Amino acid sequence: MKILTPLEIQPLLNQGALLIDIRDTDAWQLEHIQGALSLPFPCSESGVLSHLSLVGKQVVFYCQTGQRTAALAARLEVMAQGAEVCMLKNGLNGWKKAQFITVFNPSLPLPLSRQVQMLAGFMIMAGVLLGSAFSYYFYFLPSLIGAGQIFAGVTGWCGMARLLGRLPWNRQG
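The structure presented is a predicted model; accordingly, all values stated were derived computationally and were not measured.

Thresholds, definitions, all that
Residues numbered from 1 in each chain as written. Predicted model: local features only at pLDDT ≥ 70, side-chain atom pairs only at ≥ 80, totals over all residues. Heavy atoms only, no water. Helix = DSSP H or I, 4+ residues; strand = E, 2+ residues; numbered from the N terminus. Rg over C-alpha atoms; globule rule 2.2 N^0.38 Å. Contact = heavy atoms within 4.5 Å. Areas by Shrake-Rupley, 256 points an atom, 1.4 Å probe, with all protein chains shown as cover. Lys, Arg positive; Asp, Glu negative; His and termini not counted. Charge placed at Lys NZ, Arg CZ, Asp CG, Glu CD. Pairing = 2+ DSSP bridges. Buried < 20%, exposed > 50% of the residue type's maximum accessible area, 1.4 Å probe, protein only. Salt bridge = Lys/Arg side-chain N within 4 Å of Asp/Glu carboxyl O. Phe/Tyr/Trp six-rings, centres within 6.5 Å; stacked < 30°, edge-to-face > 60°. Patch = residues over 30% accessible without salt bridge, like charges linked within 9 Å, V, L, I, M, F, W, Y side chains within 5 Å. Axes fitted to C-alpha atoms, helices over the stretch in contact; angles between N-to-C directions.

Visitor: Tell me about the overall build of the chain, and please be specific about residues and values.
Guide: Across its full length, the chain holds eight helices and seven strands. A globule of 173 residues ought to have a C-alpha radius of gyration of about 16 Å, yet the chain, at 20 Å, is considerably larger. Its C-alpha atoms put the chain at 65 × 30 × 30 Å along the principal axes. A sequence separation of at least 24 residues applies to 70% of the contacts in the chain between residues at least 6 apart. For the chain, the exposed surface amounts to about 10,600 Å²; the carbon and sulfur share of it is 63%. The centroid of the 12 positive side-chain charges in the chain is displaced by 7 Å from the centroid of its 8 negative side-chain charges.

Visitor: If you had to explain the pairing of strand S2 (residues 18–21) to someone new, which residues and values would you point to?
Guide: With four bridges connecting them, S2 and strand S5 (residues 58–62) associate as parallel partners. Within S5, the residue paired with Ile-20 across the bridge is Phe-61. Bridge count for S2 against strand S4 (residues 37–38) is two bridges, and the pairing is parallel. Across the sheet, Asp-21 pairs through a bridge with Ser-38, a residue of S4.

Visitor: Mind laying out the environment of Gln-99, listing which residues take part and the relevant values?
Guide: In this structure, Gln-99 sits in the loop between helix H5 (91–97) and strand S7 (103–104). Residue Gln-99 is classed as exposed on the basis of its relative accessible area of 72%. Taking C-alpha positions, Gln-99 is 35 Å from Gly-153, a pair spaced 54 residues apart along the chain.

Visitor: Describe in detail unusual backbone geometry, supporting the description with residues and values.
Guide: With a phi angle near 65 degrees, Asn-90 is a residue other than glycine that sits in the positive phi range. Asn-90 sits in the partly exposed class, given a relative accessible area of 42%.

Visitor: Give a detailed account of the pattern of salt bridges, specifying residues and quantitative values.
Guide: This structure, assessed with the given rule, holds three salt bridges. In this structure, Lys-2 and Glu-84 form a salt bridge, with 2.7 Å as the shortest nitrogen-oxygen distance. Taken together, the residues span a long stretch of sequence, with Lys-2 in strand S1 (residues 2–4) and Glu-84 in strand S6 (residues 84–88) at a distance of 82 residues. In this structure Lys-2 comes out as partly exposed when scored by relative accessible area, which is 43%.

Visitor: Give a description of the packing of aromatic side chains that names residues and reports values.
Guide: Counted by the stated rule, this structure contains three aromatic pairs. Residues Phe-151 and Trp-157 carry aromatic rings whose centres are separated by 6.4 Å and whose planes lie at 80 degrees to one another, so their mutual orientation is edge-to-face.

Visitor: Let's hear about a nonpolar patch on the surface: which residues, and what values?
Guide: Residues Ile-124, Val-128, Tyr-136, Tyr-137 and Tyr-139 make up a contiguous nonpolar surface patch of roughly 530 Å² in combined accessible area. Along the chain, the position of Val-128 falls in helix H6 (residues 112–133). Residue classification places Val-128 among the partly exposed residues on the basis of a relative accessible area of 37%.

Visitor: Describe in detail the sheet that holds S1, supporting the description with residues and values.
Guide: The sheet built from five strands is open, its strands ordered S1-S6-S5-S2-S4 with parallel pairing. Each edge of the open sheet carries a strand with a single partner, namely S1 and S4. Helix H1 (residues 6–14) rests against S1, S2, S5 and S6 of the sheet, and its axis sits at about 100 degrees to S1.

Printed below as a string of structure tokens:
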């Protein structure tokens, strides 16, 4: 898969290249490149691209930093079979660093995954600090959060994300 800079991709987009964002839908809704389709990975493996006539077309994949796209390059090329496939160097961050415009919705909360990371990090730090300052019983909190994150990784179900999703700012109107 070719890795192209934002400057190299701009003419391709002007010629009708298909731009595909493989990040989660909530991250895409918060900020994305104008004209990009949201096809979160691995949901995009479900054959959505097979419904598009991609033979001879150019397809540009991107994520936040480019690392996820690079790691999935072989699978993305198979999904877009028949197309000339490339990826945006450094992803959305590279696009913004090159000072290209994005569609940004400041009224949306941070993506749920980032909220989970922030809350889990806070709870781990609080447990460690409280455990070292007051009682070793507080060390139970970081252990519980770690076990919950392992469970979420193995099963795909995250209780913390479910709880955060019910908070008023995360409810969709």
